[in-house]
Amino acid sequence: MNYINAILPSLLQGAQMTLSLFCWTLIISIPLGIIISLGLISHIKPLQLFLKFYVWIMRGTPLLLQLIFVFYGLPIIGVIFQRYDAALFAFILNYAAYFAEIFRGGFQAIPEGQYESARVLRLTKMQTLKHIVIPQVVKIVIPSIGNEVINLVKDTSLVYVIGLGDLLRAGNVATARDVTLVPLVLVGIIYLAMTGIASYLLKKIENSYSKWK
Amino acid sequence: MLELKNITKKFGQRTILDKVNLTIPSGQILAIVGPSGAGKTTLLRCLSGLETIDSGSFLWDGQEFDPANPTDSSQIIGVVFQDYQLFPNLTVLENITLAPTLALKKDKAAAEKQAKELLERLNLTGKEQLYPAQLSGGQQQRVAIARALAMKPQILCYDEPTSALDPALRGTVAEIILKLKREENMTQIIVTHDMDFAKEVADKTFTVTDFSQRR
């Protein structure tokens, strides 16, 4: 117990780094993903092709490679990021691509007839998006967004490779120093707590949309 | 009186509507009939502004109007879609009040009062707070009619109003359509392939078979 008390502060400090990465990635990549999804369904061909290419690269290569590329690779051509910025940059680009694909599917699932009936009722495009399309898209994408959110909690541990002091690193350092399993078990418990809270909140949001079909 | 003059609509090389001329006196019911693919729905879509016509004009009481760009505050055409296209995320009441409050800038209380009157007339009292998915097909259709009427159109159009209903409910739709004619003097256009239904409600039928032969 004393041992747990002794290492907990360093683990929690690591968890703070994990949470900060998690929150900033979500806050930026979800709106960015929505904007990209609108580009993906737009009729501007060059834009659409460019975004498809971006999504293909981001989803088709490992996130670990992207992290290493940004932090260790880009300095070779003169683009230098701080560790934390490099991690955030890679995560945002990667997750925005996944979110864009999810939102694209959501927008395309709305029947053309919804836009048409809004049009004969003389709603403007913005009114149609705000009152009719977006609420329906949100309901459709919540389960998939939820999956990505849970994944993101765990994916933040990849920053280990560029030497950021996150939760996993804190646990690993303690285990190597003290030759005990306890820190790793604690790390697992903290991850479980974080994903548990995220799942709970997502369930709440999902339920608030379940009163209509 | 609604007049269609030389309405022509092409999709690429295919002429769907070729110089359609049609007159509907106010307060009458016109049924547009014909086989699938003949252009019945296209005609309705042109009239409601969802398709732009290649040539011709629409006149309401002698005044030309462009259904694709309604400008004045009084609406000419209202549409009840084949699959209703109610907004699933909004309650019955919100479905009806949304457009009057946003497009006609009606205040919320007045829009709700009007919506409740419409619901009462269409036998939907008590359904205000339900969502479309909680209603039967016939009830959804009546909500769609109420939603269209809330915009105070001069003409109400129905696309295949009987196709999604079981036979027992056909009589109910016919009753509603005739009641609107009797009580509101509403001009109505019904696109249907159901000849019996057309005969039952319409003052006049217009057949669109001709166009299919020209393709």
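You'll find the structure just up there.
Attention in this report is confined to the structure presented alongside it. Just so it is clear, the structure is predicted and the values come from calculations on it, not from any experiment.

1. Overview of the packing of helix H1 (residues 2-40) of chain A against helix H2 (residues 45-60) of chain A
In a pair of packed helices, the angle between the axes and the distance between the axes together describe the arrangement. Residue and element names in this part refer to chain A. Here H1 crosses H2 at 130°, and the two axes come no closer than 8 Å. When the axis of H1 is compared with that of H2, the two are oblique. Each of Ile-36, Gly-39 and Leu-40 in H1 lies in contact with H2, whose residues at this interface are Leu-47, Gln-48, Leu-51, Lys-52, Tyr-54 and Val-55.

2. A closer look at the sheet that holds strand S4 (residues 55-60) of chain B
The strands that make up a sheet pair up through hydrogen bonds in the backbone, lying either parallel or antiparallel. All names here are of chain B. With antiparallel pairing, the four strands of this open sheet are ordered in space as S2-S1-S4-S5. Strands with a single pairing partner mark the edges of an open sheet, and in this sheet they are strand S2 (14-24) and strand S5 (63-65). Each strand axis lies, on average, 30° off the axis of its neighbour in the sheet, ignoring direction. For strand S1 (residues 2-11) and S4, the ladder comprises five bridges, and the chain directions are antiparallel. Bridge pairing in S4 places Leu-2 opposite Trp-60.

3. Details of the interface of chain B and chain A
Listed by partner, the interface residues are 27 residues for chain B and 19 residues for chain A. Here chain B packs against chain A, burying approximately 2100 Å² in sum over the two surfaces, 60% of which is carbon and sulfur. It is Gln85(B), Phe87(B) and Asn89(B) in chain B that bury the most area against chain A; as a group they hold 24% of the surface buried on that side. Our enumeration of links across chain B and chain A arrives at one salt bridge. Between Glu116(A) and Arg45(B) there is a salt bridge whose closest N-O contact spans 2.7 Å. Taken together, chain B and chain A are joined by six residue pairs in polar contact (both at pLDDT 80 or more). Per-element tally for the side of chain B that touches chain A: the top contributor is helix H2 (residues 92-102) of chain B, with three residues. For the side of chain B that touches chain A, the residue count by class is 15 nonpolar, eight polar and four charged.

4. Comments concerning the nonpolar core
Counting residues in hydrophobic clusters, the biggest one holds 44 residues, and the most contacted among them are Leu11(A), Ala87(A), Phe91(A) and Leu167(A). Tallying contributions element by element places helix H4 (residues 83-108) of chain A first for this core, with eleven residues. With residues up to four places along the chain from it excluded, the contact list for Phe91(A) reads Leu21(A), Thr25(A), Leu63(A), Leu152(A), Asp155(A), Thr156(A) and Val159(A). In terms of nonpolar packing, the next biggest core, distinct from the first, is built from 36 residues, Ala31(B), Val80(B), Tyr84(B) and Leu156(B) among them.

Conventions used here
Residues numbered from 1 in each chain as written. Chains lettered and ligands numbered in written order. Predicted model: local features only at pLDDT ≥ 70, side-chain atom pairs only at ≥ 80, totals over all residues. Heavy atoms only, no water. Axes fitted to C-alpha atoms, helices over the stretch in contact; angles between N-to-C directions. Helix = DSSP H or I, 4+ residues; strand = E, 2+ residues; numbered from the N terminus. Parallel < 35°, antiparallel > 145°, perpendicular 65-115°, else oblique. Contact = heavy atoms within 4.5 Å. Pairing = 2+ DSSP bridges. Buried area = accessible area lost by both parts, 1.4 Å probe. Salt bridge = Lys/Arg side-chain N within 4 Å of Asp/Glu carboxyl O. Polar contact = N/O pair within 3.5 Å; in protein donor to acceptor, adjacent residues only side chain to side chain. Nonpolar A, V, L, I, M, F, W, Y, C, P; charged D, E, K, R; others polar. Core = buried A, V, L, I, M, F, W, Y, C linked by side-chain atoms within 4.5 Å. Buried < 20%, exposed > 50% of the residue type's maximum accessible area, 1.4 Å probe, protein only.

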